[in-house]
Amino acid sequence: MLETHLTQAASPANHTRLDALDALRAIAVLLVITLHIAEQLAGPSTCGRPPFICQPLPNGQLQLPFASQWGMPLAHWAHWLDFGRIGVVLFFAISGFVIPFSLRPTQTNALRNFALHRFFRLYPAYWLSIIVSVWLVWCVHDGLSLNTHMLRVMLVNATMLQGFTATPDVLGLYWTLKIELIFYVLCATLHWLGALHNPRLIILAAWALLLTSKGAFGPHLTYTPAMGEIIQNLSIMLWGCACRHMFDRTLSKPARLMVIAYCVAQLTWPLRAYWLHSHHHVGDMAWIMQAISYASACALFWLGTFMLPLRLPPLAWVGRVSYSAYLFHPAVLYLSVYLLKKAPSSFAMPMPFWLITIMALTLLCSAASHHWIERPAIRLGRRLTPALAPNKI
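Residues numbered from 1 in each chain as written. Predicted model: local features only at pLDDT ≥ 70, side-chain atom pairs only at ≥ 80, totals over all residues. Heavy atoms only, no water.

Colleague: I would appreciate a short explanation of the overall build of the protein in the present structure.
Modeller: Within the protein one finds 13 helices and 0 strands. Tracing the protein from N to C terminus, the helices and strands come up as α-α-α-α-α-α-α-α-α-α-α-α-α. Residues counted as buried form 51% of the 393 residues belonging to the protein. (Helix = DSSP H or I, 4+ residues; strand = E, 2+ residues; numbered from the N terminus. Buried < 20%, exposed > 50% of the residue type's maximum accessible area, 1.4 Å probe, protein only.)

Colleague: Where do I start with the side chain of S322 in this structure?
Modeller: Mapping S322 onto the fold places it in helix 12 (residues 322-342). By relative accessible area, S322 is classed as buried at 0%. At 2.7 Å, the side chain of S322 and the backbone oxygen of G319 are in polar contact. (Polar contact = N/O pair within 3.5 Å; in protein donor to acceptor, adjacent residues only side chain to side chain.)

Colleague: Honestly, the packing of aromatic side chains in this entry has me stumped. Any pointers?
Modeller: For any pair of aromatic rings, the description consists of the separation of the ring centres together with the inter-plane angle of the planes. Applying the stated criterion to the full structure yields 19 aromatic pairs. Plain terms: the ring middles of F97 and F301 are 5.9 Å apart, the flat faces sit at 75° to each other, and that makes the pair edge-to-face. With F97 in helix 3 (residues 83-98) and F301 in helix 10 (residues 285-307), this pair connects stretches of sequence that are 204 residues apart. Comparing F97 with F301, the two get one shared label, buried. Between F114 and Y184 the ring centres are 5.9 Å apart and the planes differ by 85°, which places this aromatic pair in the edge-to-face class. With a gap of 70 residues between them, F114 in helix 4 (residues 110-140) and Y184 in helix 6 (residues 175-192) connect regions that are remote in the sequence. (Phe/Tyr/Trp six-rings, centres within 6.5 Å; stacked < 30°, edge-to-face > 60°.)

Colleague: Explanation requested: unusual backbone geometry in the structure shown.
Modeller: Backbone geometry follows two general trends: most residues other than glycine have a negative phi, and most peptide bonds adopt the trans configuration. Non-glycine residue D82 carries a positive phi angle of around 55°. Owing to a relative accessible area of 17%, D82 belongs among the buried residues under this scheme. The backbone of N109 sits at a positive phi, close to 55°, despite the residue not being glycine. The residue N109 is located in the loop between helix 3 and helix 4 in this model.

Colleague: Would you explain the environment of S252 in this entry?
Modeller: Structurally, S252 is set in the loop between helix 8 (225-247) and helix 9 (253-280). With a relative accessible area of 40%, S252 lands in the partly exposed category. Residues S252 and P199 lie 53 residues apart in sequence; the distance between their C-alpha atoms is 9.5 Å.

Colleague: Is there a simple way to explain the nonpolar core in this structure?
Modeller: Where a protein is soluble and globular, its nonpolar side chains tend to be buried together. By size, the foremost hydrophobic cluster in this structure holds 97 residues, and its most contacted members are I37, Y126, Y174, W239, V259 and F301. Ranked by the residues each element gives to this core, the list is headed by helix 1 (residues 12-42), at 14 residues. Contacts of I37, omitting those with residues within four sequence positions, involve A42, L333, M351, L355, I358 and M359. (Core = buried A, V, L, I, M, F, W, Y, C linked by side-chain atoms within 4.5 Å. Contact = heavy atoms within 4.5 Å.)

Colleague: Whenever I open this one, the packing of helix 6 against helix 8 confuses me. Can you help?
Modeller: Helix-helix packing is described using two parameters, namely the angle between the two axes and the distance between the axes. For the pair helix 6 and helix 8, the least separation of the axes is 10 Å and the interaxial angle reads 55°. Considering their axes alone, helix 6 and helix 8 lie oblique with respect to each other. At the point where helix 6 passes helix 8, the crossing takes the right-handed sense. Contacts from W175, K178, I179, E180, I182, F183 and L186 of helix 6 reach helix 8 at E229, I230, N233, L234, M237 and L238. Classifying every residue of the contact of helix 6 with helix 8 gives 9 nonpolar, 1 polar and 3 charged. (Axes fitted to C-alpha atoms, helices over the stretch in contact; angles between N-to-C directions. Parallel < 35°, antiparallel > 145°, perpendicular 65-115°, else oblique. Left-handed = near helix turned anticlockwise from the far one by under 90°. Nonpolar A, V, L, I, M, F, W, Y, C, P; charged D, E, K, R; others polar.)

Colleague: Teacher, can you tell me more about the state of the cysteines here?
Modeller: What is meant by a disulfide is a covalent connection between two cysteines, made through their sulfur atoms. All chains considered together, the criterion is met by 0 disulfides. Cysteine C263 shares no disulfide, and the gap to the nearest cysteine sulfur, in C298, comes to 5.7 Å. (Disulfide = S-S within 2.5 Å.)

Next comes the structure, spelled out in structure tokens:
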């Protein structure tokens, strides 16, 4: 979900943009990993564990008590500011910035090529993450056997369509892939209708979905909180697409103002949410913090795209392996927690040490997955779709 292939010729300007986008991907995935490490080491979270073995810890029991001195404040702020949601929403904005532009209006067999490229980009590493996660849990848990239920969960998850059924995710973070798939279908549909590269329509659709998610069209439009979040995330993706048009200088002045106004609306919505909660008892603190998360992600995306693009090679490298880092960090984290629980007291290092160590191990595994799984799969997808240019974003 984190990368695609543009159809433009390579140029120094394109490489500059690639580095800036990869830096944003790096920030996004590091925020997600930081949240999960803090929760796992210093709190009773079960994030990242396959659902068929998740057991919540008793209230007040910590995973690793020695991590509490530094870990509890980090876990507290990472939870309340929701680093994970900020990172995921930032990923969605990046997807909107790049994915629609891999579908050219004049390209032959564009939809077939798009589907093949997305398949080979997402599925091979995703399948490996399922296998590694289930194998790891099976190895470290005595008495856990592969039963029919577990096999069915794995097989349904292998399709990446479990979010549309009652089947649980093998890893909780797979929920984001459901939204990516919906966005791909939306892009393909708009392309088929000839509307994907109509910037005014994209901007209006982004605004319509945003207002719908905020309940601006009246109480008769009722939906679950999960559906509201899907609508808002799709809105973010369409806004990312509109930002790409703005970046490429293809928007009129009124359209540019609409794109800017969308960002301002997201940035100011937390104040509106707080006022509604304080004066009309609408929502709760979690609702306000969610608004802050979306505002933070939009601010990071705007800064990193238009105002302060980061061109740091280390961050760009992390961004290039960010998809594997996103998929495999729960396995690295789960194994680390398991080993640390059995380690002698001499391993009771401060939280920052384990935060950096687990991140480094995750990036090492991600680099291996990127080199041995992602890149060969991408090359295979290119051979099957020769009409697409090989430039990567």
